[in-house]
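Tertiary structure, described
Below are the chains, spelled out letter by letter.
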Amino acid sequence: MNPPQEDLHRSMPRREPAAVARWCAAQGWPVHPLAPGRKTPAGNCRSCQERDHAPADCPCVPAGRWCHGFHAATTDPGLIAAWWGANPGFGVGVACGPAGLVVLDVDAHPAPVPARDRILPGIPVHDGVDLTGLENGFHTLALLAALRGAPDPAQDSGTLRVRTPSGGLHVWYRAEGAGPFLCSVGSAAGTGRALAWQVDVRAGGGYIIAPGTRTGDGAYTPLGECRRPAPLPQWLARELTRTGHRAGPAGEQACAPDAAPAVPPRARQAVVRAGGGRRGAARALDAVLAEVVACAAVPEGAGFSGKLNTAAYTAGGLVAAGHIPRAEAERLLAEAAAQARPGQDRRCAQIIRSGMAAGARRPLHIRGRS
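Notes on the structure in this doc start here. Keep in mind the model is a prediction, meaning the values are calculated, not measured.

Here we come to the nonpolar core. In terms of nonpolar packing, the biggest core is built from 36 residues, with Val-102, Leu-104, Leu-120, Phe-181, Leu-195 and Leu-232 touching the most fellow members. If you list the elements that add at least two residues to this core, you get strand 3 (101-106), helix 6 (137-147), strand 5 (169-174), strand 6 (199-202) and helix 7 (234-242). Element by element, the count of residues in this core is highest for helix 6, at six residues. When near neighbours in sequence (up to four residues on either side) are disregarded, Leu-120 contacts Val-125, Thr-140, Leu-143, Leu-144, Leu-147 and Ala-196. Listed in part, the 28 residues of the second largest apolar core include Ile-80, Trp-84, Val-162 and Ala-210.

Next up, the structure:
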């Protein structure tokens, strides 16, 4: 009899790896062991280490051994109990292809920004688009979404999102009828298939680290309340096809970017919303808004009301000093509050009004460009 499905909704990073493996398998996601404290698969047996052979030709996988990483992934409760029972320190990897998953792996690594033709492969980013502050995969993914007139996947609270120890993000989706799709890793290299600079794709032919897994660098921590991947958005399916992550019908292309006059402001706003290119007063407001948005990961006890009040007070001071238009400040506050506490619009609006009114009595003068 299968073990009961375990709820990893709360305190997921503190769960034992075996519980994480069982929960993933209950979702229909085949799992395989990762080396303790690392992101790489557990080592092969000595025989597999000493001879070069394809996983399909190896007797270890049919025999129920974990050799060859994601090729050995399983949902079999008996194998999972045996593997993690004998090695409780193993981490948990999920084989994306058999699980029907497409995961966007968004990096935030400090690195020189590549040439414009390599930021979004296959999409010319013309000189009219102000890319000041574009620094990482969060910005390039937001830029791609803006050019397609779509929501930013990194802000998609309706699907499973996992913060990585390095400050990156895994955005999980179900391929369903849109797949299968293929992996791309190392998109910064500018060779082979790639979706965007510092945005890799984990799909067929690869694996993703399970939420709740802990490595030597830290835990893979789910954000918000959603613990299930949503269906892959159609626009992303088209982008993945366009960029070679799936062999689509001949001539199939993603929708064309908007006309040139409309692109620069929308793209600029996307980079700014993703945290790039802010200075002076705008950076001051970003800092307090980030505290509000961070409450999304903590349903209770995060001090949300106080943080929203602080952000509103800061915004009121900046508005009074002439740094930011009132309408823009109110919009940014409302968006941050809705992301952190969806469904509490009325309460949040009251906090915003009160905080901004108090802040307006103390104009906040900041040197530097807004």
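So, on to helix 6. Of all the 11 residues making up helix 6, 11 are buried; the element is thus mostly covered by neighbouring parts of the structure. By the burial criterion, the buried members of helix 6 are Gly-137, Phe-138, His-139, Thr-140, Leu-141, Ala-142, Leu-143, Leu-144, Ala-145, Ala-146 and Leu-147. Structurally, the start of helix 6 carries an N-cap: the backbone nitrogen of Phe-138 is 3.0 Å from a side-chain oxygen of Asn-136. Positive phi appears at Gly-149, one or two residues downstream of helix 6, with a value of about 65°.

Moving on to the packing of aromatic side chains. Two numbers describe a pair of aromatic rings. These are the distance of the centres and the angle of the planes. Counted according to the given criterion, the structure contains five aromatic pairs. Summarising the aromatic geometry, the rings of Trp-23 and Trp-29 are spaced 5.6 Å apart at their centres and angled 85° between planes, so their arrangement reads as edge-to-face. Comparing Trp-23 with Trp-29 shows no difference in burial state: the two are buried. Ring geometry for Trp-66 against Phe-90: centres 5.1 Å apart, planes inclined by 85°, an arrangement best described as edge-to-face. Linking Trp-66 in the loop between helix 2 (46-50) and helix 3 (77-86) with Phe-90 in the loop between helix 3 and strand 2 (91-95), this pair joins segments that are 24 residues apart in sequence. For Trp-66, a relative accessible area of 24% corresponds to the partly exposed category. Phe-90 sits in the buried class, given a relative accessible area of 6%. The structure contains a cluster of three or more aromatic residues connected by ring pairs, namely Trp-66, Trp-83, Trp-84 and Phe-90.

Across the six residues that make up strand 5, a large majority, five, are buried. Relative to strand 5, strand 3 runs antiparallel, the two sharing six bridges. Each residue of the ladder has a partner; that of Asp-105, found in strand 5, is His-170. Sheet topology places strand 4 (residues 161-163) next to strand 5; three bridges connect them, and they run antiparallel. What sits directly across from Arg-163, in strand 5, is Leu-169. Across two bridges, strand 5 lies against strand 11 (residues 230-231) in parallel orientation.

Bringing the sheet that holds strand 2 into the picture now. On the basis of which strands lie adjacent, the open sheet formed by three strands has the order 1-2-7 and antiparallel pairing. Pairing within the sheet leaves two strands with one partner each, and these edge strands are strand 1 (31-34) and strand 7 (207-209). Each neighbouring strand pair of the sheet contributes to a mean axis angle of 35°, computed without reference to strand direction. Two strands pair when backbone bridges link them, and strand 2 and strand 7 are joined in this way by three bridges, in the antiparallel orientation. If you follow Val-94 over to strand 7, its bridge partner there is Ile-208. The sheet contacts of helix 1 (residues 17-26) involve strand 1 and strand 2, and relative to strand 2 the element is tilted by about 15°. Across the sheet, helix 3 lies against strand 1 and strand 2, angled at about 10° from strand 1, the strand it touches most.

A word on the packing of helix 10 (residues 304-320) against helix 12 (residues 345-360). Between helix 10 and helix 12, whose axes approach to 6 Å, the crossing angle comes to 45°. Classified by the interaxial angle, the pair formed by helix 10 and helix 12 is oblique. The hand of the helix 10/helix 12 crossing is right-handed. Each of Phe-304, Ser-305, Leu-308, Asn-309, Ala-312, Tyr-313, Gly-316, Gly-317, Val-319 and Ala-320 in helix 10 lies in contact with helix 12, whose residues at this interface are Arg-347, Cys-348, Ile-351, Ile-352, Gly-355, Met-356, Ala-358, Gly-359 and Ala-360.

Next up on the list: the pattern of salt bridges. Where charged atoms of side chains with opposite charge meet at close range, the side chains can pair. Inspection of every chain in the model, using the stated rule, returns seven salt bridges. Between Arg-242 and Glu-239 there is a salt bridge whose closest N-O contact spans 2.7 Å. Placement of both Arg-242 and Glu-239 in helix 7 is noted, with a separation of three residues, approximately one turn of the helix. Because the salt bridges share partners, they merge into one network encompassing Arg-148, Glu-239 and Arg-242.

The next point concerns the side chain of Glu-239. With a relative accessible area of 0%, Glu-239 lands in the buried category. In this structure the side chain of Glu-239 is engaged in a polar contact, spanning 2.7 Å, whose partner is the side chain of Arg-148.

All right, on to the layout of surface pockets then. In this approach the atoms are scanned with a rolling probe the size of a water molecule, which exposes any empty space left behind. Taken as a whole, the second largest pocket encloses approximately 330 Å³ of empty space. The wall of the second largest pocket is formed by 17 residues, among which Lys-39, Asp-105, His-170, Arg-202 and Tyr-220 lie closest to the centre. Residue assignment for the lining of the second largest pocket shows that the elements contributing at least two residues are strand 6 and strand 7. The dominant element in the lining of the second largest pocket, judged by the number of residues it contributes, is strand 7, at three residues.

Scoring rules and cut-offs
- Residues numbered from 1 in each chain as written.
- Predicted model: local features only at pLDDT ≥ 70, side-chain atom pairs only at ≥ 80, totals over all residues.
- Heavy atoms only, no water.
- Core = buried A, V, L, I, M, F, W, Y, C linked by side-chain atoms within 4.5 Å.
- Buried < 20%, exposed > 50% of the residue type's maximum accessible area, 1.4 Å probe, protein only.
- Helix = DSSP H or I, 4+ residues; strand = E, 2+ residues; numbered from the N terminus.
- Contact = heavy atoms within 4.5 Å.
- Polar contact = N/O pair within 3.5 Å; in protein donor to acceptor, adjacent residues only side chain to side chain.
- Phe/Tyr/Trp six-rings, centres within 6.5 Å; stacked < 30°, edge-to-face > 60°.
- Pairing = 2+ DSSP bridges.
- Axes fitted to C-alpha atoms, helices over the stretch in contact; angles between N-to-C directions.
- Parallel < 35°, antiparallel > 145°, perpendicular 65-115°, else oblique.
- Left-handed = near helix turned anticlockwise from the far one by under 90°.
- Salt bridge = Lys/Arg side-chain N within 4 Å of Asp/Glu carboxyl O.
- 1 Å grid on protein atoms, 1.4 Å probe; cavity = no way out; pocket = protein on both sides within 12 Å on 5 of 7 lines; lining within 4 Å.
- Points joined across faces, edges and corners; volume = space filled by probe spheres on them.

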